[in-house]
Amino acid sequence: MKVITLISGGDTGGAKTHVHSLLQGLQKHIEAHMVCFTEGPFTQEARELGIPTEVITGHNIFRTVSILRKKIIDGHYDIIHCHGARGNLIGSMLRRSTGLPVVSTIHSDYRLDYLGRPFSRLTYGTLNAIALRKLDYYIGVSDAMVDQLIERHFDPQRIFSIYNGLDFTPRPVAMDRETFFRSLDFPVSPEDVVVGIAARLNPVKDISTLIRGFAKAHAAFPRLKLAIAGDGEEMDSLKRLAKELGVEKDVCFAGWLSDVDSFYHALDINTLTSLSETFPYSLTEGARAQRPTVASRVGGVPYLIEHGVTGLLFDPGDSDALAHCLQMLCESADLRERLGQQLYQRAKTDFSLESTIQKQMKIYEDILRLQARPRRKRDGAIICGAYGRGNAGDDAILEAIIAEMRQIDRDMPIWVLSRNPKATRLAYRVNTIYTFHMPAFLRRMRKSALYINGGGSLMQDATSRRSLWFYLLTISSARRMGCKVMMYGCGIGPIRHPSNRRRAAQVMNRCVDIITLRDSHSRQELADMGVTAPEILLSADPTVILPAAPREAAEGLLESQGLDPKAHFLGISVRPWPGFRDRAPIFAQAVDYVYETYGLIPVFLPIEARLDTDAAEHVASFLTKAPRHIMPACDRSASTIGLFARMDTVLSMRLHALIFSASHSVPLVGVVYDQKVSSFLESVGQNLYMDLRELSAGALCAMLDKAIASGRDREQLTRSVERLRELERHNIQAARRLLDLEQETAG
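For clarity, every value in this text was computed on a predicted model and none was experimentally measured.

Parameters and conventions
- Residues numbered from 1 in each chain as written.
- Predicted model: local features only at pLDDT ≥ 70, side-chain atom pairs only at ≥ 80, totals over all residues.
- Heavy atoms only, no water.
- Helix = DSSP H or I, 4+ residues; strand = E, 2+ residues; numbered from the N terminus.
- Contact = heavy atoms within 4.5 Å.
- Areas by Shrake-Rupley, 256 points an atom, 1.4 Å probe, with all protein chains shown as cover.
- Pairing = 2+ DSSP bridges.
- Buried < 20%, exposed > 50% of the residue type's maximum accessible area, 1.4 Å probe, protein only.
- Salt bridge = Lys/Arg side-chain N within 4 Å of Asp/Glu carboxyl O.
- Expected span 1.5 Å × (residues − 1).
- Polar contact = N/O pair within 3.5 Å; in protein donor to acceptor, adjacent residues only side chain to side chain.
- Axes fitted to C-alpha atoms, helices over the stretch in contact; angles between N-to-C directions.
- Phe/Tyr/Trp six-rings, centres within 6.5 Å; stacked < 30°, edge-to-face > 60°.
- Lys NZ or Arg CZ within 6 Å of the ring centre and 35° of its normal.
- Parallel < 35°, antiparallel > 145°, perpendicular 65-115°, else oblique.
- Nonpolar A, V, L, I, M, F, W, Y, C, P; charged D, E, K, R; others polar.

Caption draft 1: Expanded view of the overall build of the protein. In terms of helices and strands, the protein carries 28 helices and 25 strands. Dimensions of the protein, computed from the C-alpha atoms along their principal axes, are close to 80 × 70 × 45 Å. When contacts within the protein are restricted to residue pairs at least 6 apart in sequence, those whose partners lie at least 24 apart make up 71%. Total accessible area computed for the protein in this model is approximately 30900 Å², and 50% of it derives from carbon and sulfur atoms.

Printed below as a string of structure tokens:
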């Protein structure tokens, strides 16, 4: 593989470090040459690192493009890789004439690159924004940067993420802690806890919030000290602030330091308080020293710092939350040790220089594979379901379907109909259409190979006739537009109204190729309706394939809500439904009983936060003995599933709460408001359920007794779930057959 990199040559800071370290590492694997347009320290350092570097000077951009075009064609390069505005502009001009794929690494928000320079922003900034739209692929230097590009409607399936990697090779530290602080004339005893930051002293780094948070934590923990490494325009004002807060004797302004390794090893706690970041090296430098980190929740930070697992997070500017995090770490040396070790392992695995180089190699390979992908008249899948409504169960279905489509063809174009297109696009890195934007839906149908009516109980009129009519309309429209049609791991019913049953049967018989069902009750419902034309297979809910977040991640989430992560828990998932509010006291009696009898701490886990949180609060209002803990909704399916997997027993009305729990062999008690709940429980051999209308405290407590007792032997549940996972493969197998058939037809 042969890659040419185009960059202005005047770059500094993180962009310079990223490009130099990456190109130096890539030399071991591929031919990677760099062309700059300015001679200076950047190019001199590149040559010293052994990077083949050429400089093309001059203001005639057409001459530069002509020289580069000849060099690229004669040199038989495979990829053009651009960095920065000038590189992007020239890359966009070379794209068509060379026929090569052009990729750009985005190091910062291109709309802010020329802030404070109006003329440059109007000219270079505008040209860069236009040029970027003409390139083929994009690399964001953090997932946050990728999200920003997706928000601006760059194709999410042509964007990659990479992080600034750091060399984790063990290296000697020049000074021990005592010697280092003595060199700064800052008295520190072995009993002191030193918190520190290395950053430019300018407003975006928000060091003032650090000093305020430190002062509040210092009042509770007087052995706390603060070391600030860095220089900048805010130095004097920050010193005044420390004096005003009465902590100037315990704050060291170290100025600019060349020996950052000794600095980080001398700390007990590393911090980052920025108001805006992509992915700063200070995080990985602190991680290399195995220091626990408290950081503001900005940019790419949360992709390394997972709250309670690899560090602690607070909202930018919130000095009270920062102080709370510092106090937690001051009071527990064990917590500091655990978070520091876990951060080190995560950073070394995912954010090391070697990891970054391997990731860049994979991106190049992916680009070449995408370029070689055959052009088809119809390609990819469009997925329709109850998505973008904040329901963790529906979102998990979508995640599972996308994962299985990627197994069939990792480069498959995927489009999703969503009520919240922006959120869905960001969460799953797919293209989206607003659910009711029918013209856009129909346009996409003409280009897609497969339409998926995706999971859940979409074919029902119990909650709304209009939703049933809408899904039938999309199915018939997809068939008219020439797509193969599949109903994927779905539930059928209840469809109560006779006219709706007739209409649904007609559409499914006329328009659907394959229906995979998540329970045997749905198969019987189709038979009763007279649906016989499609191929019908018994499968399982797609979400049974999804993994849980690691146990320590779930425990970190519990700890963030003030819960002892090592305690034993009863998970509760309730939802509003006719008759529920009258029976809320019965749920509360059962929860109190389990808490008093077995010591299981109740934790309410909402599946659809908008609805379930109110239902949970209603039950919690009747608790008389047990504490009340209502978890906030998680933004990732793995985290939601991880919380259910961490429970000792689960009491649930919500189907997907039961599926998530059963998938990890957690004993279950179900409260049935819809036949789909009992059908699932029967499919995994669990008979501990009762109808919501017949709910009684005595019967519910007796079932919880049995479930808790069965927790000692989970083998039967584990075997049942494994059987479901085998059945679930029918979903992906059926989709593969339809896509293969479509490709054969197109060929």
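Still more to cover.
Caption draft 2: Here's a closer look at the pairing of strand 2 (residues 31-36). As paired strands, strand 1 (residues 2-7) and strand 2 are joined by six bridges and run parallel to one another. Across the sheet, V3 pairs through a bridge with A32, a residue of strand 2. Bridging between strand 2 and strand 3 (residues 53-55) involves three bridges; their strand directions are parallel. In the sheet register, M34 faces strand 3, and the bridge partner there is T53.

Caption draft 3: Just unusual backbone geometry, in detail. Of note, the amide linkage connecting G493 to P494 takes the cis form, showing an omega dihedral of 0°. Structurally, P494 can be placed in the loop between strand 18 (484-492) and helix 19 (498-511). The phi dihedral of H76 is positive, around 55°, even though this residue is not glycine. Position of H76 relative to the elements: it lies in the loop between helix 3 (61-74) and strand 4 (79-83). One non-glycine residue, S665, adopts positive backbone phi at about 60°. Secondary-structure assignment places S665 in the loop between helix 25 (655-662) and strand 24 (668-672). Residue classification places S665 among the buried residues on the basis of a relative accessible area of 11%.

Caption draft 4: Region of interest: the pattern of salt bridges. Following the criterion strictly, the structure yields 39 salt bridges and no others. Put simply, K2 and E31 hold a salt bridge, and the shortest N to O gap is 4.0 Å. Residue K2 is located in strand 1, and its partner E31 is located in strand 2; the two are separated by 29 residues in the primary sequence. Exposure remark for K2: the relative accessible area of 17% places this residue in the buried category. You can call E31 partly exposed: its relative accessible area is 43%. In this structure, D409 engages R373 in a salt bridge whose closest nitrogen and oxygen atoms are separated by 2.7 Å. Taken together, the positions of D409 in the loop between helix 15 (392-408) and strand 15 (414-418) and R373 in the loop between helix 14 (353-372) and strand 14 (381-384) put the pair 36 residues apart, joining distant regions of the chain. You can call D409 buried: its relative accessible area is 16%.

Caption draft 5: Summary view of helix 18 (residues 465-480). Helix length check: helix 18, at 16 residues, gives a terminal C-alpha distance of 23 Å against a target of 22 Å (1.5 Å per residue), a fit within 8%. The set of residues buried in helix 18 consists of L468, F470, Y471, L472, T474, I475, S476, S477 and A478. Tucked into the core, helix 18 has its buried residues touching strand 14, helix 17 (438-445), strand 17 (450-459), strand 18 and helix 19. The N-capping residue of helix 18, defined by a side-chain oxygen 3.2 Å from the backbone nitrogen of R466, is S464.

Caption draft 6: Just the environment of A321, in detail. Take A321: it is sitting in helix 12 (residues 319-331). Classification of A321 as partly exposed rests on a relative accessible area of 23%.

Caption draft 7: Fine view of the sheet that holds strand 13 (residues 312-314). Judged by pairing direction, the sheet is parallel, and its six strands sit side by side in the order 10-9-8-11-12-13 without closing on themselves. The two strands at the open ends of the sheet, each matched to only one other strand, are strand 10 (251-255) and strand 13. The sheet shows a mean angle of 20° between the axes of neighbouring strands, direction not considered. Packed onto the sheet, helix 8 (residues 207-220) meets strand 8 (193-198), strand 9 (224-229), strand 10, strand 11 (269-272) and strand 13 and runs at close to 165° relative to strand 9. Packing against the sheet, helix 12 makes contact with strand 8, strand 9, strand 11, strand 12 (293-296) and strand 13, and its axis sits at approximately 165° to strand 13.

Caption draft 8: Structural detail: the packing of aromatic side chains. For the structure shown, the criterion picks out 17 aromatic pairs. Taking 5.9 Å as the distance between ring centres and 55° as the angle between the ring planes, the aromatic pair formed by F168 and Y344 counts as tilted. Here the residue F168 occupies a position in the loop between strand 7 (159-161) and helix 7 (177-183), and Y344 occupies one in helix 13 (residues 333-350), the gap between them amounting to 176 residues. An identical accessibility class is assigned to F168 and Y344; each is buried. Ring centres of F470 and Y471 lie 5.5 Å apart, and the angle between their planes is 65°; this geometry places the pair in the edge-to-face category. The two residues F470 and Y471 agree in class, both being buried. In this structure, K2 is placed above the aromatic ring of Y77, and the distance from its NZ or CZ to the ring centre is 4.8 Å. Cation over ring: R152 sits above Y110, and NZ or CZ is 5.1 Å from the ring centre.

Caption draft 9: Molecular detail of the side chain of S189. Topologically, S189 is positioned in the loop between helix 7 and strand 8. A polar contact of 2.7 Å, which involves the side chain of S189, links it to the side chain of R223. Here S189 is in contact with R177 and R223, once residues within four sequence places are set aside.

Caption draft 10: Expanded view of the packing of helix 19 against helix 20 (residues 520-529). Look at helix 19 against helix 20: their axes get within 10 Å of each other, and the N-to-C directions meet at 100°. Our classification of the angle between helix 19 and helix 20 gives roughly perpendicular. Residues R501, A504, A505 and M508 of helix 19 form the contact with helix 20, whose participating residues are E525, L526, D528 and M529. The residue inventory of the contact of helix 19 with helix 20, partitioned by class, reads five nonpolar, no polar and three charged.

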